[in-house]
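The lines below spell out each chain.
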Amino acid sequence: MAKDVRVYYPASIRAALEGLTTLPGLGPRSAERMVQHLLSMDTELVIRLADSLRGLVSRVRPCAVCGFYAEIEEAEAVEAKCVFCADARRDSALVCVVEQPQDVVRIESTGAFAGLFHVLGGRISPLDGVGPEDLRIAPLLARIRAGGIGELIFALGGDLEGETTAHYLVDCVSRLGLEHTPKLTRIAQGVPVGSGLEFADAASIQRALGSRTLFED
Ligand SMILES: [Zn+2]
């Protein structure tokens, strides 16, 4: 077996290579090219990049309400609210349930939605070992139980896992046995939502939101 070429590099380069290869899609050779590139870049830019990575892990937390990204003000703060949940002008009676934080950004960029969000953090997928307990379902049910939500819009993937997740959630909501169950709707089908809304363009997301339908079990 060929010897690991990393042993010939200075310690700092070895450390950078080790860190970079933990990223998805970055093999040993790409990591070597990346390090070579970083060393040829303006030092100031590389330091800014390093600082932004530090900021990611030290200041970004999931929003205590919806699970979207939030930024904490002080290092001691444990809970934070995202820009949407902190904005009193948004319609808190309307909650759009999505799989990933990126979906929030896609929907928001259409300018057609003024409600709040709830990020599940994935979808039920037994093949990938993702069960309901791995998703932010309990916090969603707690929000519903707290009252004030008039409509819950499911904007989940149109594939089998997305469907399974939506049905599971509808079941959970009806089992709450609330006096005032929120209206349960889904965005119109036909939007290419294979992995969330990531690949859908703004116009089709806006159309899908506008022509949402009542969820029929
Ligand atoms: Zn939030």
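If you're wondering where the values come from, they're calculated on a predicted model, not measured in any experiment. (Residues numbered from 1 in each chain as written. Predicted model: local features only at pLDDT ≥ 70, side-chain atom pairs only at ≥ 80, totals over all residues. Heavy atoms only, no water.)

### Re the packing of aromatic side chains
Here the structure, examined in full by the defined rule, presents five aromatic pairs. Ring centres of Phe68 and Tyr69 lie 5.5 Å apart, and the angle between their planes is 40°; this geometry places the pair in the tilted category. Ring geometry for Phe68 against Phe84: centres 5.5 Å apart, planes inclined by 50°, an arrangement best described as tilted. On the criterion of sequence distance, the pair formed by Phe68 in the loop between strand E1 (60–62) and strand E2 (69–71) and Phe84 in the loop between E2 and strand E3 (91–98) is long-range, its members being 16 residues apart. Aromatic rings pair up to connect Phe68, Tyr69, Phe84, Phe113 and Phe117 into one cluster. (Phe/Tyr/Trp six-rings, centres within 6.5 Å; stacked < 30°, edge-to-face > 60°. Helix = DSSP H or I, 4+ residues; strand = E, 2+ residues; numbered from the N terminus.)

### A word on the coordination of the zinc ion
Reference geometry at the metal: tetrahedral coordination by four donors gives ideal angles of 109.5 degrees; octahedral coordination by six donors gives 90 or 180 degrees. Looking at the metal site, the zinc ion is ligated by Cys63 (SG), Cys66 (SG), Cys82 (SG) and Cys85 (SG), spaced 2.3 Å from it. Coordination geometry of the zinc ion: the four donor atoms subtend angles of 105 to 115° at the metal centre, consistent with an arrangement described as tetrahedral. Look at where the donors of the zinc ion fall in the sequence and you get C-x2-C-x15-C-x2-C. A residue pair is termed long-range when its members are at least 10 positions apart, and Cys66 in the loop between E1 and E2 and Cys82 in the loop between E2 and E3 qualify at 16 residues. The pair formed by Cys66 and Cys82 is uniform in burial state, with each residue classed as buried. (Donors = N, O, S within 2.8 Å, 3.2 Å for Na, K, Ca; no water. Tetrahedral: all angles 85-135°; square planar, octahedral: opposite > 155°, others 65-115°. Buried < 20%, exposed > 50% of the residue type's maximum accessible area, 1.4 Å probe, protein only.)

### Thoughts on the domain arrangement of the protein
By domain assignment, the protein separates into domain 1 (5–60) and domain 2 (91–214). Taking the mean C-alpha position of each, domain 1 and domain 2 sit 36 Å from one another. (Domains from an automatic or database assignment.)

### Points about the state of the cysteines
Inspection of every chain in the model, using the stated rule, returns zero disulfides. Just so you know, Cys96 is unpaired, no disulfide at all, and the nearest cysteine sulfur is the one on Cys66, 11 Å from it. A disulfide-free cysteine, Cys172 has its sulfur positioned 18 Å from the sulfur of Cys96, the nearest such atom. By relative accessible area, Cys172 is classed as buried at 8%. (Disulfide = S-S within 2.5 Å.)

### Examining the pairing of strand E5 (residues 151–154)
Side chains Glu151 and Ile153 project from E5 onto one buried face, and the interleaved Leu152 and Phe154 project onto a second face that is buried too. Bridge count for E3 against E5 is four bridges, and the pairing is parallel. Bridge pairing links Val95 to Leu152 in E5. Bridging between E5 and strand E6 (residues 183–186) involves four bridges; their strand directions are parallel. Looking at the pairing, Leu152 lines up with Leu184 of E6. (Pairing = 2+ DSSP bridges.)

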